[in-house]
Amino acid sequence: MSEAGLAYVELDEEGVNKAFRQDVLEGLAQRQKAVPARWLYDDAGSQLFEDITDVPEYYPTRAEREILESRQQDFARLIGPGRAVVEFGSGSSVKTPLLLGAIDPAAYVPLDIAGDFLRAAAEDLAAKFPGLPVYPVEADFMKPVKLPKEVAELPKLGFFPGSTIGNMVARTAVDLLRSMRETLGDGSKLLIGMDLIKDPDVLIAAYDDSRGITAEFNLNLARRINRELGGTIPVDRLRHVARWNDTFARIEMHLEAQEDLEFEVSGRRFAMQRGETIHTENSHKFDRRSQYTLLLAGGWTPEERWLDSGDRFSLILASA
Ligand code: AVI
């Protein structure tokens, strides 16, 4: 899931994930230290993200579910039956039954990089919808994907819930929307979740919850670096910080040094001054205009937009 988890794993002679090491060593050498958000999602990180979706302050998952539950008739009318639903980064596919139940699709194609997870979720879903052909595809959806031949002639609906698009900077988001357009083809539609700009206090609480689960999610990245890359980062001297960046309309997660630090990663030495941070994630928030601009730049024409009852989150239907 996310900007997240999108590369096949290539290991070196010592069994170290090469791309992870390269991203971390390059990122820690920058003036603003940064590690790409996709490395947050090892097994522990994926579980912590699932836990985040249950904390009271993290509203996006509940708000999106409310839209999916309350707009079933709209989906039936505007999307209609007979489409192959292609879910990008399907993960555990928890929101999918709400959509499939509304539109009577001809097939379901979950796409995910994590093969085991993907097949287990596909089996669960097939059990819930007997008679619906399910064709899981293990793929990096950041690039155009060749869909199974069985769905070649069917009109497609892309499904990309969760506001994962918000974890990408605009250029990457546009590239992804264009590649989805190529994967799905002419006549396709896209149902995409996007979180909304709101009171920064509400946003910061959602990304720095009182139970400290988001802090654990963020700190887990430093633990992963220590474990997988022979790091000596003093994790207990780092503090999780969630910041609202108003210029870029995004929540940023950082790991902040609480004192001057020195550590090693893969044999290289790094130093952080007290107060210096490692930037670990962006979560962009949108308004209607920025959503439409992004979708149009990515080759999609917005058709309909739904908000939850608290105006916190949106689902947008767009056509190719
Ligand atoms: C996966 N993604 C949409 C989440 C978000 O809200 O940006 C990841 C997350 N990071 C901290 N909390 C949740």
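Residues numbered from 1 in each chain as written. Predicted model: local features only at pLDDT ≥ 70, side-chain atom pairs only at ≥ 80, totals over all residues. Heavy atoms only, no water.

- As named in an unreviewed UniProt entry, the chain is Histidine-specific methyltransferase EgtD, taken from Croceibacterium atlanticum.

## Focus on the site of the ligand
Thought 1: Around the ligand there are 14 residues in total, and Tyr-58, Asn-167, Tyr-207, Glu-281 and Ser-283 lie nearest to it.
Thought 2: Between Tyr-58 and the ligand, the recorded distance is 2.5 Å, taken from a side-chain N or O atom to an oxygen atom.
Thought 3: Within the side chain of Glu-281, a nitrogen or oxygen atom sits 2.7 Å from a nitrogen atom of the ligand.
Thought 4: Here the ligand, which alone exposes 340 Å², has 99% of that area covered by the protein.
Thought 5: Of all elements in the fold, only α2 (43–52), α9 (213–228) and β11 (277–284) reach the threshold of two or more residues within the shell around the ligand.
Thought 6: Along the lines of polarity and charge, the residues of the shell around the ligand split into seven nonpolar, six polar and one charged. (Near = heavy atom within 4 Å. Polar contact = N/O pair within 3.5 Å; in protein donor to acceptor, adjacent residues only side chain to side chain. Areas by Shrake-Rupley, 256 points an atom, 1.4 Å probe, with all protein chains shown as cover. Helix = DSSP H or I, 4+ residues; strand = E, 2+ residues; numbered from the N terminus. Nonpolar A, V, L, I, M, F, W, Y, C, P; charged D, E, K, R; others polar.)

## Brief notes about the pattern of salt bridges
Thought 1: Throughout the structure, instances matching the rule amount to 21 salt bridges.
Thought 2: Between Glu-276 and Lys-33 there is a salt bridge, with the nearest N and O atoms lying 3.2 Å from each other. Of the two residues, Glu-276 sits in the loop between β10 (268–272) and β11 while Lys-33 sits in strand β1 (residues 33–34), which places them 243 residues apart along the sequence.
Thought 3: In this structure Glu-276 comes out as partly exposed when scored by relative accessible area, which is 22%.
Thought 4: Assessed through its relative accessible area of 6%, Lys-33 is described here as buried.
Thought 5: In this structure, the salt-bridge partner of Glu-150 is Lys-149, at a minimum N-O distance of 3.6 Å.
Thought 6: Note on Glu-150: relative accessible area 43%, which makes it partly exposed.
Thought 7: Here the residues in one salt-bridge network are Arg-71, Asp-74 and Arg-77, joined through shared partners. (Salt bridge = Lys/Arg side-chain N within 4 Å of Asp/Glu carboxyl O. Buried < 20%, exposed > 50% of the residue type's maximum accessible area, 1.4 Å probe, protein only.)

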